[in-house]
Amino acid sequence: MIDKAVILAGGLGTRISEETGLRPKPMIEIGGKPIIWHIMKIYAAHNINDFIVCAGYRGYVIKEYFSNYALHNSDITFDCRNSRVEVHRAAAEPWRITVVDTGEETMTGGRLARIRDYLGDDDFCMTYGDGVADIDIAALIGFHRNHGGQATVTRVLPPGRFGALELEGDRVTGFREKPRDGGAWINGGFFVLSPKVLDRISGDATVWEQEPLEGLASDGQLHAYAHYGFWQPMDTLRDKRQLEDMWNGGRAPWKAW
């Protein structure tokens, strides 16, 4: 049974430095909630509620957020005279969250290797802490089980950055807003992995997307699940604002809960 999801949450987020001076990238908020919360809700909608967060840069911000999560989401009476706190209408999630300090300079593969002791023997989900999708996690897991390999990556068509003109000769007949880029499939995160893949990671300097994934592919152990729906990383401030507009406008495709 696959019941764990690993979230890579330790990078510096240099391409969105306007937001990451005081917090790690997964703690940048979309609609008043950090994007890591949105990712957890995607998994929780498919009954995956056990999370391992690979923290690094300013990882204490992640720890402090979840240590106070129940307080942030409840009505509370502070009785200062009697030094008591009374919680009303608690709205806690049914989540178990393990936040592991995997180092500030550790690469993506090294972060995975550092959480080996928390994984157990079962296959697990893994994704990046900066992207959301309307992905069917149950279908992804089913695909992984059926092919029998050690690893599954979700392949996506990246969103286009610019609108396209529709032309007849030199006459504009219409506009297509942000077509998909070039038809080339890319790594969209949302992996399902066997613990055996950790044997391919040599140390902190290992980049998951290089030697481990390339080795899995050459050995016939890596399969790609096709996701045709919404997928959006939060790489830049522009991406953040776009996701925020979707959420605030009530049209967030990734909201499956």
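The structure under discussion appears in the preceding block.
Source: prediction; values computed, not measured.

Colleague: What's the story with unusual backbone geometry in this structure? I'm lost.
Modeller: At Arg58, a position not held by glycine, the phi torsion is positive, near 50°. Of note, Phe190 is a non-glycine position whose phi angle comes to about 45°, a positive value. On the secondary structure map, Phe190 appears in the loop between strand 13 (186–187) and strand 14 (191–193).

Colleague: How do you make sense of the state of the cysteines when you look at a structure like this?
Modeller: Here, the word disulfide means a covalent bond between the sulfur atoms of two cysteines. Overall, the coordinates contain zero disulfides when judged by the stated rule. Its sulfur unpaired, Cys54 is 14 Å from the next cysteine sulfur, which belongs to Cys125.

Colleague: Can you help me understand the pairing of strand 5 (residues 75–79) in this one?
Modeller: Both faces of the sheet carry side chains from a regular strand, because those side chains alternate between them. As defined by bridge partners, strand 5 adjoins strand 6 (residues 84–88) across five bridges and the pair is classed as antiparallel. Paired with Thr77 across the bridge in strand 6 is Glu86. Where strand 5 hands over to strand 6, the hairpin turn is made up of four residues, of which Ser83 adopts a positive phi near 55°.

Colleague: Please explain the packing of aromatic side chains as it appears in this structure.
Modeller: Each aromatic ring pair is specified by the distance between its two centres and by the angle formed by the two planes. Tallied over the entire structure, the rule returns 16 aromatic pairs. Aromatic pair Tyr65 and Phe66: ring centres 5.0 Å apart, planes at 85°, arrangement edge-to-face. For Tyr65, a relative accessible area of 13% puts it in the buried group. An aromatic cluster is defined as three or more aromatic residues linked by ring pairs; in this entry it consists of Tyr43, Phe51, Tyr65, Phe66, Tyr69, Trp95 and Phe190. Above the face of the Trp37 ring, Lys33 is positioned so that its terminal group lies 5.3 Å from the ring centre. Between Arg155 and the ring centre of Trp185, over which it is positioned, the NZ or CZ distance is 4.5 Å.

Colleague: Where do I start with the pairing of strand 4 (residues 50–55) in this structure?
Modeller: Within strand 4, six of the six residues are buried, which leaves the element mostly enclosed by the surrounding structure. Of the two faces of strand 4, the one lined by Asp50, Ile52 and Cys54 and the one lined by Phe51, Val53 and Ala55 are each fully buried. In terms of strand pairing, strand 1 (residues 4–9) meets strand 4 through six bridges, oriented parallel. Bridge pairing in strand 4 places Leu8 opposite Cys54. Looking at chain direction, strand 4 and strand 7 (residues 96–101) are connected through six bridges and run parallel.

Colleague: I keep staring at the pattern of salt bridges and nothing clicks. Help me out?
Modeller: Two side chains with opposite charge may pair up if their charged atoms get near one another. Counting across every chain of the model gives 10 salt bridges. The residue Lys41 makes a salt bridge to Glu93 at a minimum N-O spacing of 3.3 Å. Of this pair, Lys41 sits in helix 1 (residues 35–44) while Glu93 sits in the loop between strand 6 and strand 7; the two residues are 52 residues apart in sequence, bridging distant segments of the chain. Its relative accessible area of 13% is what places Lys41 among the buried residues. Among the ionic pairs, Asp199 bridges to Arg116, the shortest N-O distance being 3.5 Å. Of this pair, Asp199 sits in the loop between strand 14 and helix 6 (211–218) while Arg116 sits in the loop between helix 4 (108–114) and strand 8 (124–128), and the two are 83 residues apart along the sequence. Accessibility expressed as a relative area gives 38% for Arg116, which makes it partly exposed.

How each quantity is defined
- Residues numbered from 1 in each chain as written.
- Predicted model: local features only at pLDDT ≥ 70, side-chain atom pairs only at ≥ 80, totals over all residues.
- Heavy atoms only, no water.
- Helix = DSSP H or I, 4+ residues; strand = E, 2+ residues; numbered from the N terminus.
- Disulfide = S-S within 2.5 Å.
- Pairing = 2+ DSSP bridges.
- Phe/Tyr/Trp six-rings, centres within 6.5 Å; stacked < 30°, edge-to-face > 60°.
- Buried < 20%, exposed > 50% of the residue type's maximum accessible area, 1.4 Å probe, protein only.
- Lys NZ or Arg CZ within 6 Å of the ring centre and 35° of its normal.
- Salt bridge = Lys/Arg side-chain N within 4 Å of Asp/Glu carboxyl O.

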